[in-house]
Protein chains: 2
Amino acid sequence: MPDPSTTPPLTRASVQAAHDLIKPYVHETPVLTNSTLDQLASTPRTVEELKGTEWEGVERVANPRIRFWFKCENFQRIGAFKARGAFHAVERLKKEEGLEGLRGTGVVTHSSGNHAQALSLAARENGIPAYIVMPDISPPPKIAATKGYGANITFSGSTSTEREAVTREVIEKTGARLVPPYDHPDIILGQGTAALELQSQVSTALSTSGTTTRRLNAVITPCGGGGLLSGTALACSDPSAQGGPILVFGAEPSFSGADDGRRGYYSGTRIESVKSLTIADGLRTPLGAYPWSIIYERKLVAGMYSVGEEEIKKALRLVYERMKVVVEPSAVVGLAVALYNEEFRSMVEREAGEEGWDLGVVFSGGNVELAALARLFGEERVVRRA
Amino acid sequence: MPDPSTTPPLTRASVQAAHDLIKPYVHETPVLTNSTLDQLASTPRTVEELKGTEWEGVERVANPRIRFWFKCENFQRIGAFKARGAFHAVERLKKEEGLEGLRGTGVVTHSSGNHAQALSLAARENGIPAYIVMPDISPPPKIAATKGYGANITFSGSTSTEREAVTREVIEKTGARLVPPYDHPDIILGQGTAALELQSQVSTALSTSGTTTRRLNAVITPCGGGGLLSGTALACSDPSAQGGPILVFGAEPSFSGADDGRRGYYSGTRIESVKSLTIADGLRTPLGAYPWSIIYERKLVAGMYSVGEEEIKKALRLVYERMKVVVEPSAVVGLAVALYNEEFRSMVEREAGEEGWDLGVVFSGGNVELAALARLFGEERVVRRA
């Protein structure tokens, strides 16, 4: 792991410097809009829809005006924003250790998901060996995908103690440098680059269409370990550089405690352990210490919101049916909050007033196993026919 | 139905005129590229892969070089290219009859699919009533979607005789003008506009990247009734206007006779009846008379190819997993031909030589019911685990 004491300060300028470093390696992913979803978000939910939710019988249903800008990191290399952080961490290690040194030792991480693939790709493109520690219960397609990027895979037990022990063994044997999935400044700065692009893409689109009175008002991202959310918060943290304040919000699944970030944020104590099997499988991790310092201590995130599994599925269905893009369940949690969380919607109505908000939504990734998708939508079909 | 004797000549210039008419109403859909799929198409298939296909034991496996340009009509309004033909037909009827006249009588078609939604949308945006005759066994989501565009739905039996009888009744009662799904010059000219855009988008992309030695060499589209294929052939029919010849190919499912276009093309007699339950459900219709005159009689299509159901599923899986876009099974039949039909691949190798081809592939639509998708990919999972 690069020595944190040598990392750049956690500021918007450092996110820009990270962007300069990784630009040759990552895609500037497209930003999509969708008038059907705008209309849906800008229509009050019906009393019928709110039945059975925590807002059943609420006195007044929220009526915000929302125009979405979807930053499509599902089209990013390896199919997720994680490529940004991994390429940035590797660039920084190259600076610290030299490319030749790093080629001799390699990089290592423990992950069964998008970060494993991202680090494997970043290593391969630099001719650096990548060692990936994966739980032995990982789904075969994920193992195959990571192997496909040329990584050396070592299996471990599935508890964090077991994974960390195996990771230490790999480091002792190879001298590989650890690149953690989210709890490191270099990773956070890399992930923040998506929001930088979003700012300039929205601003270009609005000025091209001659809409000079509007600007990006807020961004909502999914929050698992918090790398993407805290990086986004840094990218939006300098109002003078971006034509005014851009508020940043985090979105989590509420299922069986996966909303650790939200609970920590409103109680003032970071929650360090999560055991949730939410369908948003990228968001089952607790918030890391570095992300927490940005999100909570520096108050660069303006609020945290959560939604239930059914709401995530509904948002997923809308994105497939209306936008025709493939996203993983974790990717749509921000959209689900904007569509279905009355607390968030009331806040937007209050803050944005008549003019409404131009709201950036980061679609974090598109790596969904099709069989898993089939189970998800197949089940719904059965339920609807019952 | 507009009097065919008043329609413009079936030429590239008329496709351009159609484009001018419909531009305010339809999207210029994006063109995507994908290096993984290029690599796959440019790698010879293995002996193992060819086992059990009609090319098992072939002497020499094809080794073409293909660079794909995917024209994404799944992002078109109503989720399919059909919006182009429907808007063009309505514009032409407005010219013939006047908008006020048309508002008094309306338009009518029989379709349970994308054309029904396309005509309903085109009518609604012009304040014209739309009457849609649908088989009473149509899937509820398709009925709901068409109703969602404000159409008046009349149900009929599912044979073509029954549908046509009900359509005649609607016309007698309302005076509505018939807009057929594919077998009409105005529809064909409208559908051809996608290929016009593709030509200019590829040419812009190549010149932006400084690649002046390459150009669009060929286009392959799915073929059901033949509206898209014949329109594409017209759009590519004037080599002097487009910097050289662009060959056009049609792709069909081979399952239970859905390759009627191919069989007719190589036997010289149009096949007028098809009864296939191919998963490419948009391609279950026989080739129409107008499309046939362009495809076969004028020889504006250079060849017709077909692929099996498993190959369509494999291509579908690749598009979801690698490109992260939602397409319907019919949309990927052209890609499946380019990846898996040895006859097509040998022809490309022969015609294109070392330099290879820049091959346009039209993704015709993205309207897939998620439950149907679940069945498709769910089954595959079971098969793989068996």
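Residues numbered from 1 in each chain as written. Chains lettered and ligands numbered in written order. Predicted model: local features only at pLDDT ≥ 70, side-chain atom pairs only at ≥ 80, totals over all residues. Heavy atoms only, no water.

In plain terms, the rule: UniProt positions are given in the numbering used here, feature names are shortened, and annotations may be inferred rather than shown by experiment.
Where an unreviewed UniProt entry is consulted, chain A appears under the name Pyridoxal-phosphate dependent enzyme-domain-containing protein, with the organism given as Pseudoneurospora amorphoporcata. According to the UniProt record, the Cofactor (unreviewed entry) comment for chain A is "pyridoxal 5'-phosphate". The UniProt entry for chain A carries the following comment under Sequence similarities (unreviewed entry): "Belongs to the serine/threonine dehydratase family."

1. Quick look at the overall build of chain A
What counts here: Runs of H or I in DSSP of at least four residues are treated as helices and runs of E of at least two as strands, each being numbered from the N terminus. Values of the radius of gyration come from C-alpha atoms, whereas the globule rule sets the reference at 2.2 Å times the count of residues to the power 0.38. Throughout this description, buried means an accessible area under 20% of the type-specific maximum (1.4 Å probe, protein chains only), exposed means over 50%, and partly exposed covers the range between. All accessibility values rest on the Shrake-Rupley procedure with a 1.4 Å probe; residue burial counts only the protein chains present in the view. For this count, His and the chain ends are skipped, Lys and Arg are scored as positive, and Asp and Glu as negative. The atoms used to mark charge sites are NZ of Lys, CZ of Arg, CG of Asp and CD of Glu.
Across its full length, chain A carries 17 helices and 10 strands. In terms of overall size, chain A behaves like a compact globule, its C-alpha atoms giving a radius of gyration of 20 Å where 386 residues would be expected to give roughly 21 Å. By principal-axis analysis of the C-alpha atoms, chain A measures approximately 65 × 55 × 40 Å. Looking at chain A as a whole, 58% of its 386 residues are labelled buried. If you sum the accessible surface of chain A, you get close to 15,200 Å²; carbon and sulfur atoms cover 51% of it. Of the charged side chains in chain A, 42 are positive and 45 negative; the average position of the first set lies 4 Å away from that of the second.

2. Notes on the interface of chain B and chain A
Operational definition: The contact criterion used is simple: two residues touch if any of their non-hydrogen atoms lie within 4.5 Å. Accessible area that two parts lose when put together, with a 1.4 Å probe and added across both, is what the buried area reports. For this document, the term salt bridge refers to a Lys or Arg side-chain nitrogen within 4 Å of an Asp or Glu carboxyl oxygen. Lys, Arg, Asp and Glu make up the charged group, whereas Ala, Val, Leu, Ile, Met, Phe, Trp, Tyr, Cys and Pro make up the nonpolar group; the residues left over, Gly among them, are polar.
Contacts between the two partners involve 21 residues from chain B, matched on the other side by 21 residues from chain A. Across the chain B/chain A interface, buried area totals approximately 1,800 Å², and carbon plus sulfur atoms make up 66% of it. One can count 0 salt bridges joining chain B with chain A. When residues of the side of chain B that touches chain A are traced back to their parent elements, those giving at least two are α14 (309-323) and α17 (370-385) of chain B. When residues in the side of chain B that touches chain A are grouped by element, the largest group, 8 residues, is from α17(B). Tallied by class, the residues present in the side of chain B that touches chain A amount to 9 nonpolar, 5 polar and 7 charged.

3. Considerations on the nonpolar core
Put simply, the test is: Residue types Ala, Val, Leu, Ile, Met, Phe, Trp, Tyr and Cys, when buried and joined through side-chain atoms within 4.5 Å, form a set referred to as a nonpolar core.
If you look at the biggest cluster of nonpolar residues, it comprises 96 residues, and the most contacted ones within it are A:F68, A:F363, B:F68 and B:F363. Beyond its immediate sequence surroundings of up to four residues, B:F68 is in contact with B:L32, B:T33, B:L37, B:D38, B:A41, B:L335, B:A338, B:L339, B:L359 and B:V361.

4. Looking at the relation of the copies chain B and chain A
Taken together, a rotation about one axis and a shift along it account for how the two chain copies relate. Where we set the bar: To superpose the copies, least squares is applied to the C-alpha atoms of every residue with a pLDDT of at least 70 in both.
Superposition of chain B onto chain A requires a rotation of 180° combined with a translation of 0.0 Å along the rotation axis, giving an RMSD of 0.0 Å. In the structure described here, the two chain copies are related by an operation that fits a two-fold rotation axis. Take the interface residues of chain B: 100% of them recur as interface residues in chain A, which is what a same-surface contact looks like.

5. Side note on the sheet that holds strand β2 (residues 66-72) of chain B
All names here are of chain B. The following threshold applies: Between any two strands, at least two bridges found by DSSP are needed for them to pair. Comment: axis = line fitted to C-alpha atoms, over the contacting stretch for helices; angle = value between 0 and 180 degrees taken between N-to-C directions.
Reading across the sheet, the 6 strands line up as β1-β2-β10-β7-β8-β9 and stay open at both edges, with mixed pairing between neighbours. Lying at the two open borders of the sheet, with one neighbouring strand each, are β1 (31-32) and β9 (303-307). In the sheet, β2 pairs with strand β10 (residues 357-363) via 7 bridges, with the strands oriented parallel. Each bridged residue has a counterpart across the sheet, and for F68 the counterpart in β10 is L359. This element, helix α16 (residues 342-352), spans β2, β7 (216-222), β8 (247-253), β9 and β10 of the sheet and lies at about 145° to β10.

6. Section: helix α11 (residues 227-235) of chain A
It helps to recall that an α-helix has 3.6 residues per turn; residues three or four apart then point in one direction. Extensive coverage of α11(A) is indicated by the burial of 9 of its 9 residues. Among the residues of α11(A), A:G227, A:L228, A:L229, A:S230, A:G231, A:T232, A:A233, A:L234 and A:A235 are the ones counted as buried.

7. Things to note about the pairing of strand β4 (residues 130-135) of chain A
Residues and elements named next belong to chain A. Among the 6 residues of β4, 6 are classified as buried, and the element is accordingly described as predominantly covered. The side-chain alternation of β4 yields two buried faces, one formed by A130, I132 and M134 and the other by Y131, V133 and P135. As defined by bridge partners, strand β3 (residues 107-110) adjoins β4 across 4 bridges and the pair is classed as parallel. Within β4, the position partnered with V107 by the bridge is A130. Bridge count for β4 against strand β5 (residues 152-156) is 5 bridges, and the pairing is parallel.

8. Regarding the sheet that holds strand β8 (residues 247-253) of chain A
All names here are of chain A. A sheet is described by the order of its strands in space; here 6 strands give the open sequence β1-β2-β10-β7-β8-β9, paired in mixed fashion. Both edges of this open sheet fall to β1 (31-32) and β9 (303-307), since each of them pairs with a single strand only. With 5 bridges joining them, strand β7 (residues 216-222) and β8 adopt parallel strand pairing. Residue pairing for β8: T221 is matched across the bridge by G250. Packing of helix α10 (residues 193-208) onto the sheet brings it into contact with β1, β2 (66-72), β7 and β10 (357-363), and relative to β2 it is tilted by some 130°.

9. Focus: the environment of B:Y131
Residue and element names in this part refer to chain B. Among the secondary structure elements, Y131 is positioned in strand β4 (residues 130-135). C-alpha of Y131 to C-alpha of K299: the two residues are 168 residues apart in sequence and 36 Å apart in space. Not counting chain neighbours up to four residues away, the residues in contact with Y131 comprise T105, G106, V107, V108, T109, N152, V170, T174 and A176.

10. Some remarks on the UniProt feature "domain: Tryptophan synthase beta chain-like PALP" (unreviewed entry) in chain A
Mapped onto this numbering, the UniProt entry gives "domain: Tryptophan synthase beta chain-like PALP" (unreviewed entry) at residues 64-339 of chain A. Between the C-alpha atoms that bound residues 64-339 of chain A the distance is 10 Å, and the span itself is 47% helix and 16% strand.

11. Examining the environment of A:N114
Residue and element names in this part refer to chain A. Within the fold, N114 resides in helix α6 (residues 114-125). For N114, a relative accessible area of 14% puts it in the buried group. N114 sits 79 residues away from T193 along the chain, and the two C-alpha atoms are 17 Å apart. Residues in contact with N114, not counting those within four places in the same chain, are I78, A80, K82, E328 and N367.

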